[in-house]
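Residue-level structural notes
Listed here are the chains, written in short residue letters.
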Amino acid sequence: MAGNEWINGYLEAILDSGAAAIEEQKPATVNLRERGHFNPTKYFVEEVVTGVDETDLHRTWIKVVATRNTRERSSRLENMCWRIWHLTRKKKQLEWEELQRLAKRRWEREQVRRDATEDLSEDLSEGEKGDAFGELMQAETPRKTFQRNFSNLEVWSDDKQEKKLYIVLISLHGLVRGDNMELGRDSDTGGQVKYVVELSRALAKVSGVYRVDLFTRQISSPEVDWSYGEPTEMLTLADEDGDGNDGESSGAYIIRIPFGPREKYLRKELLWPYIQEFVDGALAHILNMSKVLGEQIGGGQPVWPYVIHGHYADAGDSAALLSGALNVPMVLTGHSLGRNKLEQLLKQGRQSKEDINSTYKIMRRIEGEELSLDAAELVITSTKQEIEEQWGLYDGFDVKLEKVLRARARRGVNCHGRYMPRMVVIPPGMDFSSVVVQEDTPELDGELATLVGGADGSSPKAIPTMWSEVMRFFTNPHKPMILALSRPDPKKNITTLVKAFGECRPLRELANLTLIMGNRDDIDEMSGGNASVLITVLKLIDKYDLYGLVAYPKHHKQSDVPDIYRLAAKTKGVFINPALVEPFGLTLIEAAAHGLPMVATKNGGPVDIQQALNNGLLVDPHDQQAIADALLKLVSEKYLWHECRKNGWKNIHLYSWPEHCRTYLTRVAACRMRYPQWQTDTPGDEIAVEESSLNDSLKDVQDMSLRLSIDGDKSSINDSLDAVATSASDPELQDQVKRVLSKIKKPETNSKDTEGRKFANVASKYPILRRRRRLIVVTLDCYDSKGIPEKKMVQIVQDIIKVVRMDAQTARVTGFAISTAMPVSETIEFLKSAKIQGNNFDALICSSGSEVYYPGTYIEEDGKLFPDPDYASHIAYRWGYEGLKKTIWKLMNPEGEEKSTSSSSPIEEDVKSSNAHCCAYFVKDPSKVKKVDDLRQKLRMRGLRCHPMYCRNSTRMQVVPLFASRAQALRYLFVRWRLNVANMFVIAGETGDTDYEELISGAHKTLIMKEVVTKGSEGLLRTIDLKLRDDIVPVDSPLITSIKGRATADEIANALKVLYKASL
């Protein structure tokens, strides 16, 4: 065992620290990034697994077995060695599986590009076909530059003041406030928090921007400061310069929306089930604010958000849903990407995909990012590397296909419904207000004698507190300071920096090292990964005897950071970022602004920063010697140091906030602007006040007369309503009704579908829904094996209607809606078969949310219902009907069958259920169709953005537009008719169609009726079951309750009362 003594040393250390953590079947336990206390056993096992060749481990095991004796320690050593060898083999197996997965993905990409080339070349000339094919199928090697055409962009300028824009930013996780930010408190409160707060302030100062709202989570927990529970916090007024153009609601604000457990601070991985609840709360605020701003600056018309900008995956998911509900453009900034993190973790081989998902909720995060790409008009990145190497991993973005589609759009050529979001590089801005640029003076010669204490015995000058905190560590504080500032995360590579410093004697003699590693009270209370880094740093300081040469203060405030930079600059020091991969590198810009040259990793954003600033050196973060050489070169060569310092100051304006905002607004202005076209308040359309009031009263009477009894027995209505109905039968009153009705306009619409249609004379242009205060929505997906609605649903609907009519006052303000996958014709037939009039419902949401009807309002002369044309235009975004149908058929029939009724196909077109915004199919063989996640992935890779689902007990497949769904239809009713989602009661079964999970989550109240829906379509939702439902539907929510399936009307009423009280 002479060649493996160091392996035995690790194994001995494992024995000393306790080997209980090593379990043969749980390789994931070696992960150092999991939360909890630091475990030395895991540390030593990780060192062996990652640093030892498999053959060495096997040889050690053989020798241990050959030399074993009766001692218990030797027996334990043998057993432990075998287990670690097993972990190493498991790691190699995971690496092999990852290589296989990547190879399969590359093959799929090529297949997608071939399909796209075939489809997109159909309507091109022969010459254009060749150009398209050559551009799309070019070599895989990315270009060195990612060029964009700026010639057609109008640069945002100061003459845009008349615009008065309303901008919404979203950043959900972490602790967000304007002052005294607790950066580094945890992994969720870092650079992103600072970025979004400063972006909000900077945008509010730009000419043409009236108001900026930064949405985040309201936290009323004793674990955090009370300020995070304040619903609103003002960041800045828009008109701080005093030009007199500010308004009552202008400026930048933090808006905190309560969602999830009210008294708990949750890390970002636990926020996913409550995303839809946030969306509903944010939607309520935006609608109220649009009305307020309309009164102030909109001439009485609502002022809709100019753009909704999501930051990170959770906010991107939220922004996508809000964008769909409001029909306004969305922008995305990823900050850190889930697929990139998953790739890195799988390469390490310490955890399986299931273990990674359990810890990081990585699959829900990736799906949120994919949905964000579906909806985003613009994706803002910090570097070119982020576009090519990180976003390129996603199904929803292909650099080459994006270029082809953009070129076709410029030429006005049909893209067949395909779309790729636009990616642009806009580096983050910086606030330079605290930076004082000083030219070199004798005071800046690196000597701190006049600051620490004069040579003549005079008292020292007053210095910042943080300077004293740092300098107390040093034997000689006059030496140049090498400064590193980051969280103690393994990815930040701080331990390699300490090794490089400790093993380079000239560097130790010439400089000091300062490590600002967040804030800590007790290492034992820190998360495992951070604790392991700190312990390793302390051990390395002891190993190389760096006492008096290295500073590592325990605490610092955000306001102390500029002082730390200034101290390093005064000593003629250097700033270093040695991270393994740095997505951007904001600290590098901050350091340059304070006159510090930099040494930085060559992986990621620092490459672009160095190209722009030219103020330092780039190194391989794995090369310890290269790090030491670069630091020594900058510290020792004074001319080079001064040159880098001056270059940084000269070019730093490229990263200022005004420059960032100018570029930002220029790019956003180039997006396709869209917003709701209707008027939510319609005073101009109403007749005289007296007639309008009377019309509303009579309409309520008419509505109540329709809601008498399901079997036609009008005597069952309450006495109070009988009196009203009797008064309505008065002849004089009836004449007045006729005069009022004759003055009311017929429904109008701009939709092309309404051309040539004739409408019956209806009582009002607007549905009764706009006067409701509550809405009962029946979403029971109760079908037999042929997809026909079961009869037991009839009794439930009858009971629900009776429940509401128990209280006359409640009945007057409560409406009914049915939400179903059936087309409107089948829905009406079903209601008629149960002797239920369609007018009992204020709204019918049909064909899986692709159409919305208002019985009694939009009716043609032949008595047929007409769909809401505003909703049709609302969901038409990125909808390509013909191209989508063709692609779906190809995907479901890989043999290339052309006929839509092929006997070998697992699907068959359902013409009766199809409409302009719904591709409907019969499912002939559920075992052969692609599941929703697989189908959606393949459609995304081809640039097709839509919402596929299986419904009606897995007998139908329907594909609707991206922003169409039964859940989004409820939000549309909120936006269109101001019926708050929080006042909706959704009644569902225990299972249902594949969009069932979306219906359960949100701010509405959900009543689940057990034993009603025996079988749904959820088996066709996901290819791999990673328990993702728990990341979408909250497990314990006061907004969700359940009752038995055969509940009486009284039991249903009590359950609804419980839900109502729980939400207060």
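Presented here is a report on the structure given in the accompanying data block.

Criteria and thresholds
- Residues numbered from 1 in each chain as written.
- Predicted model: local features only at pLDDT ≥ 70, side-chain atom pairs only at ≥ 80, totals over all residues.
- Heavy atoms only, no water.
- Pairing = 2+ DSSP bridges.
- Helix = DSSP H or I, 4+ residues; strand = E, 2+ residues; numbered from the N terminus.
- Axes fitted to C-alpha atoms, helices over the stretch in contact; angles between N-to-C directions.
- Contact = heavy atoms within 4.5 Å.
- Salt bridge = Lys/Arg side-chain N within 4 Å of Asp/Glu carboxyl O.
- Buried < 20%, exposed > 50% of the residue type's maximum accessible area, 1.4 Å probe, protein only.
- Phe/Tyr/Trp six-rings, centres within 6.5 Å; stacked < 30°, edge-to-face > 60°.
- Lys NZ or Arg CZ within 6 Å of the ring centre and 35° of its normal.
- 1 Å grid on protein atoms, 1.4 Å probe; cavity = no way out; pocket = protein on both sides within 12 Å on 5 of 7 lines; lining within 4 Å.
- Points joined across faces, edges and corners; volume = space filled by probe spheres on them.
- Nonpolar A, V, L, I, M, F, W, Y, C, P; charged D, E, K, R; others polar.
- Domains from an automatic or database assignment.

**Thoughts on the sheet that holds strand 15 (residues 774-778)**
Within the open sheet, the seven strands sit side by side as 18-17-16-15-23-24-25. Their pairing is mixed. On the outer flanks of this sheet lie strand 18 (851-853) and strand 25 (1040-1043), each paired with one strand and no other. Direction aside, the axes of adjacent strands within the sheet are offset by 20 degrees on average. Bridging between strand 17 (residues 843-846) and strand 18 involves three bridges; their strand directions are antiparallel. Along strand 18, the bridge assignment pairs Cys846 with Glu851. Its contacts with the sheet put helix 36 (residues 1049-1062) on strand 15, strand 23 (984-989), strand 24 (1005-1009) and strand 25, and the angle it makes with strand 24 is roughly 145 degrees.

**Topic: the pattern of salt bridges**
This structure, assessed with the given rule, holds 43 salt bridges. Here Arg406 and Glu402 are joined by a salt bridge, their closest N and O atoms 3.0 Å apart. Highlighted residues: Arg406 and Glu402, both in helix 13 (residues 399-411), separated by four residues, approximately one helical turn. Arg406 gets classed as buried once you look at its relative accessible area, which sits at 17%. You can call Glu402 buried: its relative accessible area is 2%.

**As for the side chain of Arg952**
Tracing the chain through its elements places Arg952 in the loop between strand 21 (946-951) and strand 22 (956-961). Residue classification places Arg952 among the buried residues on the basis of a relative accessible area of 1%.

**With respect to the packing of aromatic side chains**
Given two aromatic rings, one states the distance between the centres and the angle between the planes to describe the pair. Counted under the stated rule, the structure contains ten aromatic pairs. Here Tyr877 and Phe963 contribute two aromatic rings whose centre-to-centre distance is 5.6 Å and whose plane-to-plane angle is 5 degrees, an arrangement assigned as stacked. Linking Tyr877 in the loop between helix 31 (869-874) and helix 32 (881-892) with Phe963 in the loop between strand 22 and helix 34 (966-977), this pair joins segments that are 86 residues apart in sequence. Exposure remark for Tyr877: the relative accessible area of 4% places this residue in the buried category. Here a set of aromatic residues connected by ring pairs shows up, and it is made of Phe215, Phe259 and Phe278. Stacked on the ring of Tyr1060, the Lys or Arg Arg774 has its end atom at 5.3 Å from the ring centre.

**With respect to empty space enclosed by the protein**
One pass over the structure, following the stated rule, counts eleven cavities of 30 Å³ or more. Here the second largest cavity is characterised by a volume of approximately 60 Å³. Taken together, Pro273, Tyr274, Gln276, Glu277, Ile1000, Ser1001, Gly1002, Pro1034, Ser1037, Leu1039 and Ile1040 form the lining of the second largest cavity. Here the lining of the second largest cavity is built from residues that sort into six nonpolar, four polar and one charged. The residues that make up the lining of the second largest cavity include at least three from each of domain 1 (165-237 + 248-425) and domain 3 (774-877 + 964-1062).

**Digging into the sheet that holds strand 19 (residues 907-909)**
Taken together, four strands build an open sheet; the order of strands is 19-20-22-21 and the sheet is antiparallel. Two strands bound the open sheet, and with one partner strand each, they are strand 19 and strand 21. Direction aside, neighbouring strands of the sheet carry axes that sit 25 degrees apart on average. On top of the sheet, helix 33 (residues 932-941) reaches strand 21 and strand 22; it is set at about 155 degrees to strand 21, its chief contact.

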